[in-house]
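What follows is the residue order along each chain.
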Amino acid sequence: MTKKELGQLLDLRKEIEELDVKIERMQKQRVGKTIDKVHASMKEYPYVYTTKTIVGVDNKDKKKRRELTASEILLLKRRQQAVEAEFRISQYIKGIKDSRIRRIISLKYEEGLSWEKVADVLKCDRTYPRKLLDKYLQEHKK
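Attention here is on the structure that accompanies the text. Small disclaimer: the values here were computed from a predicted structure and weren't measured.

**Describing helix α5 (residues 115-122)**
Then, in step 1: Within α5, the full set of buried residues consists of Trp115, Val118, Ala119 and Leu122. Looking straight down α5, one finds its buried side chains confined to an arc of 100°; they lie on one side.
Then, in step 2: Buried-residue contacts for α5 involve α1 (3-7), α4 (99-110) and α6 (128-139).
Then, in step 3: Phi for Lys123, located one or two positions after α5, is positive at around 55°.

**Digging into the packing of aromatic side chains**
Then, in step 1: According to the stated counting rule, one finds one aromatic pair in the structure shown.
Then, in step 2: Relative to Trp115, the ring of Tyr109 lies with its centre 6.4 Å away and its plane at 85°, an arrangement referred to as edge-to-face.
Then, in step 3: Relative accessible area serves as the criterion here: at 8%, Tyr109 is assigned to the buried category.

**A word on the nonpolar core**
Then, in step 1: Leu6, Ile105 and Leu133 are the most contacted members of the largest nonpolar core, which has 20 residues in total.
Then, in step 2: Elements represented by at least two residues in this core include exactly α2 (9-31), α3 (62-94), α4, α5 and α6.
Then, in step 3: Counting residues per element, this core draws most heavily on α4, which supplies five residues.
Then, in step 4: Excluding residues within four positions of it along the chain, Leu133 makes contact with Lys3, Ile101, Ile104, Ile105, Tyr109 and Trp115.

**Regarding the side chain of Glu86**
Then, in step 1: Residue position: Glu86 is located in helix α3.
Then, in step 2: The class for Glu86 is buried, based on a relative accessible area of 17%.
Then, in step 3: Once you skip the residues sitting within four places of it in the chain, Glu86 turns out to touch Leu9, Leu12, Arg13 and Ile16.

**With respect to unusual backbone geometry**
Then, in step 1: You will see that Lys123, though not glycine, has its phi angle at about 55°, which is positive.
Then, in step 2: Summarising the element assignment, Lys123 is placed in the loop between α5 and α6.
Then, in step 3: By relative accessible area, Lys123 is classed as exposed at 74%.

**A short note on the pattern of salt bridges**
Note that side chains of opposite charge can pair when their charged atoms are close.
Then, in step 1: A full pass over the atoms with the stated rule returns seven salt bridges.
Then, in step 2: Residue Glu86 pairs with Arg13 through a salt bridge whose shortest N-O separation is 2.9 Å. Of this pair, Glu86 sits in helix α3 while Arg13 is found in helix α2, placing the two residues 73 residues apart along the sequence.
Then, in step 3: Residue Arg79 is joined to Asp20 by a salt bridge in which the shortest nitrogen-to-oxygen separation is 2.4 Å. With Arg79 in helix α3 and Asp20 in helix α2, this residue pair connects regions lying 59 residues apart in the sequence.
Then, in step 4: By relative accessible area, Arg79 is classed as partly exposed at 24%.

**A look at the packing of α4 against α6**
Then, in step 1: At a minimum axis distance of 10 Å, the contact between α4 and α6 shows a crossing angle of 115°. On the basis of the axis angle, α4 is roughly perpendicular to α6. For the pair α4 and α6, the crossing hand works out as left-handed. For the pair α4 and α6, the contacting residues are Arg100, Ile101, Ile104, Ile105 and Tyr109 in the first and Tyr128, Pro129, Leu132, Leu133 and Tyr136 in the second.

**Digging into the environment of Gly7**
Then, in step 1: In this structure, Gly7 sits in helix α1.
Then, in step 2: A C-alpha to C-alpha distance of 9.6 Å links Gly7 and Ile105, two positions 98 residues apart in sequence.

Analysis parameters
- Residues numbered from 1 in each chain as written.
- Predicted model: local features only at pLDDT ≥ 70, side-chain atom pairs only at ≥ 80, totals over all residues.
- Heavy atoms only, no water.
- Buried < 20%, exposed > 50% of the residue type's maximum accessible area, 1.4 Å probe, protein only.
- Helix = DSSP H or I, 4+ residues; strand = E, 2+ residues; numbered from the N terminus.
- Arc of directions from axis to C-beta.
- Contact = heavy atoms within 4.5 Å.
- Phe/Tyr/Trp six-rings, centres within 6.5 Å; stacked < 30°, edge-to-face > 60°.
- Core = buried A, V, L, I, M, F, W, Y, C linked by side-chain atoms within 4.5 Å.
- Salt bridge = Lys/Arg side-chain N within 4 Å of Asp/Glu carboxyl O.
- Axes fitted to C-alpha atoms, helices over the stretch in contact; angles between N-to-C directions.
- Parallel < 35°, antiparallel > 145°, perpendicular 65-115°, else oblique.
- Left-handed = near helix turned anticlockwise from the far one by under 90°.

And the structure:
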């Protein structure tokens, strides 16, 4: 694992959230909801006249629904790739036996703190966490 790969973690999580919103929006559009108003009255006396709003599914534009489905599939594939990358990085972090290194990576790459703030949390010199992580990554290079 490299710092560059670890640095992708927060962006991957944000991207997954953004893709979820886009996919949900596309699914709502794909349904093709239509809304209309109808006039009605009671069956029996007193005949109270009223207007009701009805919601239904519009089946007219099948081509548009297919296009949205193709776009949706592309988004779902991209989301799956992001989820797999995020899972791989998270598993790597969880698999680190050294507690200090795990904390450094968690603070820096999961919480997004600066190196200075990571050092403040660990109560050490500001360059120490970065050097320690560099050394660890170099020793555990595959």
